[in-house]
Amino acid sequence: MEKDRKLIIAGNWKMNKTVSESLDLIQGLLREVQQVKEVDMVVCPPFTALSEVSRKVIDTQIRLGAQNMSEQGVGAFTGEIAAEMLKEFLVRYVILGHSERRQYQEETDCLIAKKALAAHVASIKPIVCVGETLEQRESGVTNDVVGSQIKGSLAGLSSQQMLETIIAYEPVWAIGTGKTASSEQAQEVHQFIRGVLSDLHGDEIARQVRIQYGGSVKPGNARELMSQPDIDGALVGGASLDAKNFSEIILNSI
Ligand code: PGA
């Protein structure tokens, strides 16, 4: 399948995997996808495993991501992790504004926008997550919700920074539920997001930004989702915890 944007598939391990389990997972994954060059592959282990996983992926095709970071530089912010600290482990990506953080840590679009800027300052590419709840979808306000999350969470980014930002559309009702958005439902929102990006930064930038889909992506539905014209990759939770499943998602997407 030909698309002029390179697919990017990222595994969000969430609050799973000890260091030794992380090492097993990354070694298993490297065995399966060592040779893949057609897709940008990213793993996002918990902070506690970044150091060890970093050693394993150095000089491979797999890149490292973090699941969150502070909007602040280093300093007196107990319990937080600064971008500079992530860079030490060659972290290239950071997931920001995941719906679980929006829900449980009450992260707002405004905070996420600050984090995205801080990530860019450190040359870490943010993966900014947006998505509606089931209630919002059923009441017909999906585009309003997603549109305002996009505008709010990406506020203040320059066009150059926008190009280096990845968006993940993750309908909240599809996360960890086994309910995937149909490829048509996903494509519809992805196309809408590209339209919003075009309003903000113009057609040329909007055409180049990569938009991932996330929410119960599995080996069996990856190909169909990735073949949609505006879907440029996946953010995978549950299925990324197993080397076979995650590698099949990657291989089935090529
Ligand atoms: P899931 O999670 O693949 O387990 O649905 C996706 C995500 O939360 O990024």
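Please refer to the structure placed before this passage.
Here is what the cut-offs are and how they apply
- Residues numbered from 1 in each chain as written.
- Predicted model: local features only at pLDDT ≥ 70, side-chain atom pairs only at ≥ 80, totals over all residues.
- Heavy atoms only, no water.
- Helix = DSSP H or I, 4+ residues; strand = E, 2+ residues; numbered from the N terminus.
- Rg over C-alpha atoms; globule rule 2.2 N^0.38 Å.
- Buried < 20%, exposed > 50% of the residue type's maximum accessible area, 1.4 Å probe, protein only.
- Contact = heavy atoms within 4.5 Å.
- Areas by Shrake-Rupley, 256 points an atom, 1.4 Å probe, with all protein chains shown as cover.
- Lys, Arg positive; Asp, Glu negative; His and termini not counted.
- Charge placed at Lys NZ, Arg CZ, Asp CG, Glu CD.
- Near = heavy atom within 4 Å.
- Polar contact = N/O pair within 3.5 Å; in protein donor to acceptor, adjacent residues only side chain to side chain.
- Arc of directions from axis to C-beta.
- Core = buried A, V, L, I, M, F, W, Y, C linked by side-chain atoms within 4.5 Å.

Asker: For this particular structure, what's the right way to read the overall build of the protein?
Answerer: A tally of helices and strands in the protein yields 12 helices and 8 strands. For 254 residues, the compact-globule estimate of 2.2 N^0.38 gives 18 Å, and the protein sits close to it at 17 Å. Its C-alpha atoms put the protein at 45 × 45 × 35 Å along the principal axes. Of all 254 residues assigned to the protein, the portion counted as buried reaches 53%. Here the analysis covers contacts within the protein between residues at least 6 apart in sequence; of these, 74% occur between residues at least 24 apart. Surface exposure of the protein reaches about 11400 Å², of which carbon and sulfur atoms provide 49%. Mean positive and mean negative side-chain charge positions of the protein (26 and 33 charges, respectively) differ by 5 Å.

Asker: Hey, could you run me through the site of the ligand in this one?
Answerer: Contacts to the ligand come from 13 residues, most closely from K14, H98, E170, G176 and S216. Within the contact set of the ligand, an oxygen atom lies 2.7 Å away from a side-chain nitrogen or oxygen of H98. Separating an oxygen atom of the ligand from a side-chain N or O atom of E170 is a distance of 2.7 Å. Contact with the protein chains removes 96% of the 290 Å² of surface that the ligand exposes when unbound.

Asker: Could you clarify how one ought to interpret the side chain of H98 in this entry?
Answerer: In this fold, H98 is placed in the loop between β4 (91-96) and α4 (99-104). Looking at H98, the relative accessible area reads 5%, which means it is buried. Within the local environment of H98, its side chain forms a polar contact with the side chain of E170, the two groups lying 3.2 Å apart. Contact partners of H98, with chain neighbours within four places excluded, come to N12, K14, C129, E170 and I175.

Asker: Mind showing me how you'd approach helix α2 (residues 47-57) here?
Answerer: One full turn of an α-helix is made of 3.6 residues, so residues set three or four places apart face in the same direction. Those residues of α2 that sit buried are A49, L50, V53, S54 and V57. In a view along the axis of α2, the buried residues occupy a sector of 145 degrees, so they form one face of it. Structural note: α2 exposes T48 and R55 on the side pointing more than 90 degrees away from its buried face. Next to the buried residues of α2 lie α1 (19-33), β2 (40-44), β3 (62-66), α3 (83-87) and β4. Of the residues flanking the end of α2, it is D59, one or two places downstream, whose phi is positive at about 65 degrees.

Asker: Can you walk me through the nonpolar core in this structure?
Answerer: Soluble, globular proteins show a tendency: their nonpolar side chains are buried together. If you look at the biggest cluster of nonpolar residues, it comprises 66 residues, and the most contacted ones within it are I167, I193 and L197. With 6 residues, the single largest contributor to this core is α1. What L197 contacts, discounting residues up to four positions off in sequence, is I150, L154, M162, I167, G202, A206, V209 and I211. Membership of the second largest hydrophobic core comes to 11 residues, among which are C44, I127, A168 and L235.

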